[in-house]
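Here are the chains, one letter per residue:
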Amino acid sequence: QKTIIFGSGYLTAIGVIPALVDRKDVIIADKNIHASLLDAARLSRAKILRFKHNSLESCKKILAENRKKYNKCLIISETVFSMDGDLGPVAKLAELAKEYDAWLLTDDAYGFAIVKNNIAKDFKNHIQLGTLSKTIGCYGGYVTGSAALADLITTKSRSLIYSTALPASIIAA
């Protein structure tokens, strides 16, 4: 696992998602994802399909009908949804992602260090991102995943490459 620090949670989202998918790909996202994730999905130019909030059945139906039409697939959900505080079914979404050869991106801005990650250890296509300003009470954003993912993001994420690094005092905090 590797983690990359960005200037903010928003910069993380708009840097990571377009680095992973483009117009030949599909994003399948929960209807209640944070606005920053939706902005990032739109920036990627991938086809965006939304499933009913926290509905595994709705997500699976969309996957079954659409996955084979696209090169790559990214499922997006949240660990704890920011607007209503309910938990996303991330472990079950990881099972769907594994079944349909997709990545699962979870936004952990509101669950970081509070909600346990129950995703199976053998699932390597999990990408976790979030902000350091909610539960940590600091500044910045992060993405964590495989070493290969970190290398990809380091070379393709425009909001990482063309931004100034966080000050040392913030990193130390």
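The structure presented is a predicted model; accordingly, all values stated were derived computationally and were not measured.

### Here's the deal with the overall build of the chain
Here comes step 1: The helix and strand tally for the chain stands at seven helices and seven strands.
Here comes step 2: Taking 2.2 N^0.38 as the reference for a compact globule, 173 residues should give roughly 16 Å; the C-alpha atoms of the chain span a radius of gyration of 15 Å, in line with that estimate.
Here comes step 3: Along the first, second and third principal axes, the C-alpha atoms of the chain reach 50 × 30 × 30 Å.
Here comes step 4: Within the chain, the fraction of its 173 residues that count as buried is 49%.
Here comes step 5: Considering only contacts in the chain between residues 6 or more positions apart, those separated by 24 or more positions represent 60%.
Here comes step 6: In the structure as shown, the chain presents an accessible area of about 8900 Å², 55% of it carried by carbon and sulfur atoms.
Here comes step 7: Put simply, the chain has 23 plus and 16 minus side-chain charges, and the middle of one group is 6 Å from the middle of the other.

### Observations regarding the sheet that holds strand E2 (residues 26-30)
Here comes step 1: If you walk across this open sheet you meet the seven strands as E1-E7-E6-E5-E4-E2-E3, and the pairing is mixed. Whereas interior strands pair on both sides, the edge strands pair on one side only; in this sheet they are strand E1 (2-6) and strand E3 (47-51). Going across the sheet, the axis of each strand differs from the next one's by a mean of 20 degrees, ignoring polarity.
Here comes step 2: For strand E6 (residues 126-131) and strand E7 (residues 141-145), the ladder comprises four bridges, and the chain directions are antiparallel. Following the sheet pairing, Thr 131 is matched in E7 by Gly 141.
Here comes step 3: Running over the sheet, helix H1 (residues 9-20) touches E1, E2, strand E4 (73-78), strand E5 (103-107), E6 and E7 and is turned about 155 degrees from E6.
Here comes step 4: Where helix H4 (residues 90-99) meets the sheet, its contacts fall on E3, E4 and E5, and the angle it forms with E5 comes to roughly 160 degrees.

### Regarding the side chain of Thr 144
Here comes step 1: Here Thr 144 is to be found in strand E7.
Here comes step 2: What makes Thr 144 buried here is its relative accessible area of 17%.
Here comes step 3: A distance of 3.0 Å separates the side chain of Thr 144 from the backbone oxygen of Lys 2, its partner in a polar contact.
Here comes step 4: For Thr 144, the residues in contact, after removing those within four places along its chain, are Gln 1, Lys 2, Thr 3, His 126, Ile 127, Gln 128 and Leu 149.

### Some thoughts on the nonpolar core
Here comes step 1: Formed by 26 residues in total, the largest nonpolar core has its most connected members in Val 16, Ile 17, Ile 27, Leu 74, Ile 76, Leu 105 and Ile 127.
Here comes step 2: Per-element tally for this core: the top contributor is H1, with five residues.
Here comes step 3: The next biggest cluster of nonpolar side chains, apart from the first, holds 18 residues, and it includes Phe 51, Ile 75, Leu 93 and Leu 104.

### Looking at the packing of H1 against helix H2 (residues 35-44)
Here comes step 1: Following both chains from N to C, one finds H1 and H2 inclined at 30 degrees, their axes separated by 8 Å at the closest point. Taken as a pair, H1 and H2 cross one another with a handedness that is right-handed. Facing Tyr 10, Ala 13, Ile 14, Ile 17 and Pro 18 of H1, the residues of H2 in contact are Ser 36, Leu 37, Asp 39, Ala 40, Ala 41, Leu 43 and Ser 44.
Here comes step 2: When the residues that make up the contact of H1 with H2 are grouped by side-chain class, the tally is nine nonpolar, two polar and one charged.

### Topic: the pattern of salt bridges
Oppositely charged side chains can pair when the atoms bearing their charge come close.
Here comes step 1: In the structure shown here, the tally under the stated rule is five salt bridges.
Here comes step 2: Here Lys 60 ties to Glu 99 by a salt bridge, and the two come within 3.6 Å at their closest N and O atoms. Linking Lys 60 in helix H3 (residues 56-66) with Glu 99 in helix H4, this pair joins segments that are 39 residues apart in sequence.
Here comes step 3: The partly exposed category is assigned to Lys 60, whose relative accessible area is 35%.

### A look at the environment of Val 21
Here comes step 1: Its location among the elements puts Val 21 in the loop between H1 and E2.
Here comes step 2: Note on Val 21: relative accessible area 2%, which makes it buried.
Here comes step 3: Expressed as a C-alpha distance, the spacing of Val 21 and Leu 43, which sit 22 residues apart in the sequence, is 9.8 Å.

Conventions used here
- Residues numbered from 1 in each chain as written.
- Predicted model: local features only at pLDDT ≥ 70, side-chain atom pairs only at ≥ 80, totals over all residues.
- Heavy atoms only, no water.
- Helix = DSSP H or I, 4+ residues; strand = E, 2+ residues; numbered from the N terminus.
- Rg over C-alpha atoms; globule rule 2.2 N^0.38 Å.
- Buried < 20%, exposed > 50% of the residue type's maximum accessible area, 1.4 Å probe, protein only.
- Contact = heavy atoms within 4.5 Å.
- Areas by Shrake-Rupley, 256 points an atom, 1.4 Å probe, with all protein chains shown as cover.
- Lys, Arg positive; Asp, Glu negative; His and termini not counted.
- Charge placed at Lys NZ, Arg CZ, Asp CG, Glu CD.
- Pairing = 2+ DSSP bridges.
- Axes fitted to C-alpha atoms, helices over the stretch in contact; angles between N-to-C directions.
- Polar contact = N/O pair within 3.5 Å; in protein donor to acceptor, adjacent residues only side chain to side chain.
- Core = buried A, V, L, I, M, F, W, Y, C linked by side-chain atoms within 4.5 Å.
- Left-handed = near helix turned anticlockwise from the far one by under 90°.
- Nonpolar A, V, L, I, M, F, W, Y, C, P; charged D, E, K, R; others polar.
- Salt bridge = Lys/Arg side-chain N within 4 Å of Asp/Glu carboxyl O.

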